[in-house]
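Residues per chain are reported as follows:
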Amino acid sequence: MKTLSILGSTGSIGTQTLDVVREHPAMFNIVALAANTNDNKLEEQINEFHPELAVLYDEASAKRLAARYHGKTKIMCGHDGLIAAATIDAADTVVTSLMGFVGLAPTLAALDAKKNIALANKETLVVAGEIVMRKAKENHVSILPVDSEHCAIFQCLQGEKREWVEHLILTASGGPFRGKKTDELKNVSIKDCLNHPTWSMGKKITVDSATLVNKGLEVIEAHFLYDMPYEKIKVVVHPQSIVHSMIQFYDGAVMAQLGVPDMRLPIQYALTYPERMPSSFDRVDFYTLGSMTFEKPDTETFRGLKIAYDAAKAGGTMPCVMNGANEAAVGAFLDGKIGFLDIYEIIERALDARENKLNPTFETLVEEDKWARGYVHEILRMK
C-alpha cells in the first residue's frame, strides 16, 4: 500500500487523483489533504478518506472548517500547514498539484523529507528546476510527472538511452482559439477562453493553454525532467489530444503514447509506477476515432510559447519572472481587469524591466516572484 499526501486535493488534478484512489482502494491510503479555500469540498474529502491531517491555505477557510468539524483529523492552515502536509511522516509519496509558485516550498520540503513526488505543479520546475532536480538526486527520491505530456515522454523513454533522442515532441491541443489571428482575439471573453475543446481543467491552466504559455512552461519542465537541451524540444499542435507526446530517435523512428484526454490515466501511472494497474477509464476506439491531425504552432499570434522559450534560454531568474508575471496577468484577466492579449504585453514588459540573476537561490526566487507580481499590479494600477 502506498501512503499519499495530496497537495491541492480540491482542484482538478487533486479530485481526479482521488478518483484513482477510489479505483484501487486497497492500494492507497490518504494520510494528508491540502487545499486553498474550498473548506466544504475538503470536509467532504476528510469524511470519505479520514486523513491524519487536512490543511487549508486560507486562514479564514480553515477557521470555518475547524469550527464545525469534530472528527479525528487535525486541521491546519497557511504555509506551515502546507509544509506539514508535505513532510508528514506517514506519507511515502506527495502529489503536488497546487497551482502556481506556492507549490515550490512544499515540494522542496517534501524532497528534504525524502518523499517521492508525483509532480503536477509544473511551476516548481519552471522557476527552480536546477534546485529541485539537485535535491531529488541528493535525497535519492523520484519525481514522476503527472502532466499527460511528460508522462507520455516518460513512458516512451522506458528502455531507451537519452543519447538516442533526436527530439522530444510535446503535443498541444491549440486551445479554444486555434486558427484565429490577433485581430480576432482582441475582444474574446473569459467564457470563450475557458471553453477548452478537449480537456477539463482549472481556470488558470485553461487560460495558459489558450495563450500557449502552458506549453512553454511544459518545455521548461521537459528540459529539467529529461536533461534535454531546448534545441531538442519541439511542440506540435494536435487538436484531437489523443497523442499525448512523442520521441523522435536519431535513427528516424518515432515513439508515441496515445490515450483519451483523461488526466486520471497519467495520474494512475505516476502513482503505480513501475507497475500498470487496470482501470475503468475510457479507451481509444480506433474504429470511430477517424483522423488525427498535426500543425505547426502559430507563435506570432500565440506569443506565449516563444516568450517561454526565450526566458528559458536566458535562464537564471527569467523563467521565475515570466511565471510570476503570467500568474498575476492571468488572475487580472479572470477578474475582468485586462483583455486576453494584454497577458502577453504584461509578461514581456516584466521581462524587459528586470535584470537577470544567474544561479539563483530559493530566497532569490521568492524575491523575484514577489517583484514580478508587484510590477504587474503597478501596471494594472496605472491602466
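Described in the following lines is the structure provided in the data block. All of these numbers come straight from a predicted model, not from anything done at the bench.

### Overview of the overall build of the protein chain
Then step 1. Assigned secondary structure in the protein chain consists of 16 helices and 11 strands.
Then step 2. Overall, the C-alpha framework of the protein chain stretches about 55 × 55 × 40 Å when taken along its three principal axes.
Then step 3. The burial tally for the protein chain puts 55% of its 383 residues in the buried class.
Then step 4. Taking as baseline every contact in the protein chain between residues at least 6 positions apart, the subset at least 24 positions apart corresponds to 68%.
Then step 5. Per element, the accessible surface of the protein chain, about 16,900 Å² overall, is 50% carbon and sulfur.
Then step 6. Of the charged side chains in the protein chain, 41 are positive and 50 negative; the average position of the first set lies 2 Å away from that of the second.

### What to know about the side chain of aspartate 147
Then step 1. Take aspartate 147: it is sitting in the loop between β7 (143-145) and α7 (148-156).
Then step 2. Among the residues examined, aspartate 147 registers a relative accessible area of 7% and is labelled buried.
Then step 3. Setting aside anything within four residues of it in sequence, one finds aspartate 147 in contact with Leu119, Ala120, Lys122, Glu218, Glu221, Met263 and Pro266.

### Thoughts on the pattern of salt bridges
Then step 1. If you walk through the whole model with that rule in mind, you get 25 salt bridges.
Then step 2. The salt bridge partner of arginine 64 is aspartate 39, with a shortest N-O separation of 2.9 Å. Here arginine 64 is found in helix α3 (residues 59-68), whereas its partner aspartate 39 is found in helix α2 (residues 39-49), with 25 residues between them in sequence.
Then step 3. Looking at arginine 64, the relative accessible area reads 42%, which means it is partly exposed.

### Some words on helix α15 (residues 342-353)
Then step 1. Helix length check: α15, at 12 residues, gives a terminal C-alpha distance of 16 Å against a target of 16 Å (1.5 Å per residue), a fit within 8%.
Then step 2. What α15 keeps buried is the set Ile343, Tyr344, Ile346, Ile347, Ala350 and Leu351. Summarising the axial view, the buried residues of α15 lie within an arc of 165°, below the 170-degree limit, and thus occupy one face.
Then step 3. The inward-facing, buried residues of α15 contact α9 (203-211), α10 (213-225), α13 (304-314), α14 (318-334) and α16 (362-382).

### A look at the packing of helix α6 (residues 123-138) against α14
Packed helices, taken two at a time, are described by the angle between their axes plus the distance between the axes.
Then step 1. Between α6 and α14, the shortest axis-to-axis distance is 8 Å and the interhelical angle comes to 155°. As far as their axial angle goes, α14 and α6 are roughly antiparallel. The handedness of the crossing between α6 and α14 comes out as left-handed. For the pair formed by α6 and α14, the contact residues are Glu123, Val126 and Val127 on the first element and Pro319, Cys320, Met322, Asn323 and Glu327 on the second.
Then step 2. Along the lines of polarity and charge, the residues of the contact of α6 with α14 split into five nonpolar, one polar and two charged.

### Describing the sheet that holds strand β10 (residues 243-249)
Then step 1. An order of β9-β8-β10-β11 is seen for the four strands of this open sheet, with the pairing classed as mixed. Strand pairing shows two members of the sheet lacking a second neighbour, β9 (233-237) and β11 (254-258), which therefore form its edges. The mean inter-strand angle of the sheet, taken between neighbouring strand axes irrespective of direction, is 20°.
Then step 2. Note: strand β8 (residues 165-172) against β10, five bridges, orientation antiparallel. Its bridge partner being in β10, valine 165 is matched across the sheet by phenylalanine 249.
Then step 3. Most of the contacts of α10 go to β8, to which it runs at about 150°, and overall it touches β8 and β9.

### Quick look at the environment of threonine 87
Then step 1. Its place among the elements puts threonine 87 in helix α4 (residues 78-87).
Then step 2. Taking the C-alpha atoms as reference points, threonine 87 and serine 5, separated by 82 residues in sequence, lie 8.7 Å from one another.
Then step 3. Other than its neighbours up to four places away in sequence, threonine 87 contacts Ala109, Ala110, Ala113 and Lys115.
Then step 4. Separated by 2.8 Å, the side chain of threonine 87 and the backbone oxygen of isoleucine 83 make a polar contact.

### Some thoughts on unusual backbone geometry
Then step 1. Following tyrosine 273, the chain continues into proline 274 via a peptide bond in cis, with omega recorded as 10°.
Then step 2. Here proline 274 shows up in the loop between α11 (264-272) and α12 (286-289).
Then step 3. The phi torsion at lysine 114 lies on the positive side, around 65°, for a residue other than glycine.
Then step 4. Note on placement: lysine 114 falls in the loop between α5 (104-112) and β6 (116-119).

Basis of the calculations
Residues numbered from 1 in each chain as written. Predicted model: local features only at pLDDT ≥ 70, side-chain atom pairs only at ≥ 80, totals over all residues. Heavy atoms only, no water. Helix = DSSP H or I, 4+ residues; strand = E, 2+ residues; numbered from the N terminus. Buried < 20%, exposed > 50% of the residue type's maximum accessible area, 1.4 Å probe, protein only. Contact = heavy atoms within 4.5 Å. Areas by Shrake-Rupley, 256 points an atom, 1.4 Å probe, with all protein chains shown as cover. Lys, Arg positive; Asp, Glu negative; His and termini not counted. Charge placed at Lys NZ, Arg CZ, Asp CG, Glu CD. Salt bridge = Lys/Arg side-chain N within 4 Å of Asp/Glu carboxyl O. Expected span 1.5 Å × (residues − 1). Arc of directions from axis to C-beta. Axes fitted to C-alpha atoms, helices over the stretch in contact; angles between N-to-C directions. Parallel < 35°, antiparallel > 145°, perpendicular 65-115°, else oblique. Left-handed = near helix turned anticlockwise from the far one by under 90°. Nonpolar A, V, L, I, M, F, W, Y, C, P; charged D, E, K, R; others polar. Pairing = 2+ DSSP bridges. Polar contact = N/O pair within 3.5 Å; in protein donor to acceptor, adjacent residues only side chain to side chain.

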